[in-house]
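Listed here are the chains, written in short residue letters.
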Amino acid sequence: MINLYGFGGTLAAGTWITIKVTLAALTLGLCIGLTGASAKLSRFFVFRIVADAYTTIIRGVPELILILAVFFGSGVLINAIAGKLGYQDYINVNSFAAGVIALGFSFGAYATDVFRGAILAVPKGQIEAAKSFGMNGFLVFRRIMLPQVWRFALPALGNLFLILQKDSALVSVIGLNEIMRNASIATGYTRKPFTFYLTAAMIYLALSFITATGIQYMESHVSRGVRRD
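Before going into details, it helps to say that this report is about the structure given with it.

Procedures and definitions
The residue count restarts for each chain, going from 1 along the sequence in the order it is written. It should be noted that, the model being predicted, local features are given only for residues of pLDDT at least 70 and side-chain atom pairs only at 80 or more, the latter also being counted only at that level, while totals for whole chains, interfaces and linings use all residues. Here the side-chain values reflect all heavy atoms present in the structure, with hydrogen atoms and water set aside. Helix and strand definitions here come from DSSP, where helices need a minimum of 4 consecutive H or I residues and strands a minimum of 2 consecutive E residues; each element is numbered from the N-terminal end. Burial classes: relative accessible area under 20% of the type maximum marks a residue as buried, over 50% as exposed, and values in between as partly exposed (1.4 Å probe, protein chains only). The contact criterion used is simple: two residues touch if any of their non-hydrogen atoms lie within 4.5 Å. A 1.4 Å probe and the Shrake-Rupley method give the accessible areas. Residues count as covered only by the protein chains that appear here. Neither His nor the chain ends is counted toward charge; the positive residues are Lys and Arg and the negative residues Asp and Glu. The atoms used to mark charge sites are NZ of Lys, CZ of Arg, CG of Asp and CD of Glu. Expected helix span is computed as 1.5 Å times (number of residues minus one). Note on bend: at a given residue it equals the angle between the axes fitted to the 7 residues ending there and to the 7 starting there. For Phe, Tyr and Trp, rings pair up if their centres lie within 6.5 Å, where Trp contributes its six-membered ring, and each pair is then called stacked (planes under 30 degrees apart), edge-to-face (over 60) or tilted (otherwise). Each nonpolar core is a collection of buried residues, namely Ala, Val, Leu, Ile, Met, Phe, Trp, Tyr and Cys, held together in the definition by side-chain atoms within 4.5 Å. Working convention: axes come from line fits to C-alpha atoms, limited for helices to the stretch in contact. Angles between N-to-C directions cover 0 to 180 degrees. Under this scheme an angle from 65 to 115 degrees is roughly perpendicular, one under 35 degrees roughly parallel, and one over 145 degrees roughly antiparallel; angles in between are oblique. In a left-handed crossing the near helix is turned counterclockwise from the far helix by less than a right angle, and in a right-handed crossing that turn is clockwise. When residues are sorted by character, Ala, Val, Leu, Ile, Met, Phe, Trp, Tyr, Cys and Pro go into the nonpolar class, Asp, Glu, Lys and Arg into the charged class, and all the rest, Gly among them, into the polar class. In the sections that follow, a salt bridge refers to a side-chain nitrogen of Lys or Arg positioned within 4 Å of a carboxyl oxygen of Asp or Glu.

Okay, the overall build of the protein chain next. Summing up its helical and strand segments, the protein chain has 8 helices and 0 strands in all. Ordered by position in the sequence, the α and β elements of the protein chain form the string α-α-α-α-α-α-α-α. Each principal axis of the C-alpha atoms in the protein chain carries an extent, and together these give about 70 × 55 × 25 Å. Looking at the protein chain residue by residue over its 229 residues, the buried ones come to 38%. Sequence separation of 24 or more characterises 77% of the internal contacts of the protein chain that already satisfy a separation of 6 or more. Within the structure as shown, the protein chain displays about 13500 Å² of accessible surface, and the carbon and sulfur contribution to it stands at 67%. In the protein chain, 19 positive and 9 negative side-chain charges are present, and the distance between their average locations comes to 5 Å.

Written out as structure tokens, the structure reads:
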């Protein structure tokens, strides 16, 4: 048993923060990904250009820089707007919100192309058949498109989620007390870097194992009734 010198609770609290950041960023990223995929497949040229620019820029910028840009950039912007409105006190930006936004936008940029490919993989004949039965656009999306898009996209989204889970460690640079931040604090007090960083690595490994098991179960669930060649 590893001696955590009384910092076990601190690491547990950091683990909970990591889970919340990851799930919140995942939710935001999935919404952005679906929106971006729809924009890329839109018949409107402007929507396609904006979506292409978004994915190109976000995927070309390291996540660490994106996190710092959102955290400090939003602080400058918010305080500038507040100053124009006559508010003189400094407004601190919430590090949790900044981390979720940055990681969510990063995840969404990759998810956009995953969803785009999954949408294109749905046989057009099925969509035409559904419309011939009188289904409206929303019903076609809900009953025909969405179940198959989810099945096609899930393996790639699962890999992205595992990466997102590990990238959540980067939010420690903006002061959010997640696993790595709390491990660093414990190391500073105890001078035991190997103990706490090894523990942090084991926590991430456990989270990754749980996530991978859940993804495997979901893949099996959504593939029920699908004939395998």
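Another aspect to go through is the environment of Ala97. One can find Ala97 in helix α4 (residues 95–121). Residue classification places Ala97 among the partly exposed positions, given a relative accessible area of 34%. With 11 residues separating them along the chain, Ala97 and Gly86 place their C-alpha atoms 25 Å apart.

We now examine helix α6 (residues 137–167). Here α6 spans only 37 Å end to end across 31 residues, well under the 45 Å set by a 1.5 Å rise per residue. The largest bend in α6 amounts to roughly 50° and is located at Leu154, with the proline Pro155 lying one to four residues further along.

Let's shift gears to the environment of Gly6. By the secondary structure assignment, Gly6 is in the segment before α1 (8–40). Classification of Gly6 by relative accessible area gives exposed; the value is 76%. Along the backbone, Gly6 and Ala186 are 180 residues apart, and their C-alpha atoms lie at a distance of 9.1 Å.

Summed over all chains, the structure comprises 6 aromatic pairs. Both rings, one in Phe7 and one in Phe196, keep their centres 5.9 Å apart while their planes meet at 85°; by these two values the pair is edge-to-face. Taken as a pair, Phe7 in the segment before α1 and Phe196 in helix α8 (residues 193–222) lie far apart in primary sequence, 189 residues in all. By relative accessible area, Phe196 is classed as buried at 0%. Members of the aromatic cluster, each reached through a chain of ring pairs, are Tyr5, Phe7, Tyr189 and Phe196.

Peptide bonds are mostly trans, and most non-glycine residues show a negative phi. Backbone geometry places Tyr5, a non-glycine residue, at a positive phi of 50°. According to the relative accessible area criterion, Tyr5 is partly exposed, its value standing at 40%. Its identity as a non-glycine residue notwithstanding, Arg191 has a phi of 60°, on the positive side. On the secondary structure map, Arg191 appears in the loop between α7 (179–190) and α8.

Moving on, we get to the nonpolar core. Formed by 37 residues in total, the largest nonpolar core has its most connected members in Leu103, Phe107, Phe115, Met145, Val149, Leu157 and Leu164. Of all the secondary structure elements, the ones that give two or more residues to this core are α1, α2 (45–60), α3 (63–84), α4, α5 (124–132) and α6. Examining the composition of this core, we find that 11 residues originate from one element, α4, more than from any other. Leaving out residues up to four positions away in the same chain, Leu157 has contacts with Leu30, Phe107, Ala111, Val114, Phe115 and Trp150. Phe7, Phe196, Ala200 and Leu207 belong to the second-largest nonpolar core, a separate cluster that totals 11 residues.

Attention now goes to the packing of α1 against α7. Relative orientation of the contacting elements α1 and α7 amounts to 160°, with a least axis distance of 7 Å. On the basis of their axis angle, the class for α1 and α7 is roughly antiparallel. Note that α1 runs across α7; the crossing there is right-handed. Where α1 approaches α7, its residues Thr10, Leu11, Ala13, Gly14, Thr15 and Thr18 are matched on the opposing element by Ile179, Asn182 and Ala183. Of the residues that constitute the contact of α1 with α7, the class distribution is 4 nonpolar, 5 polar and no charged.

This paragraph deals with the pattern of salt bridges. By the definition in use, this model includes 3 salt bridges. Asp52 is paired through a salt bridge with Lys40; the nearest N and O atoms lie 3.5 Å apart. One end of the pair, Asp52, is in helix α2; the other, Lys40, is in helix α1, with 12 residues separating them in the sequence. Judged by its relative accessible area of 13%, Lys40 falls in the buried class. As a salt-bridge pair, Lys40 and Asp113 come within 2.8 Å of each other at their nearest N and O atoms.

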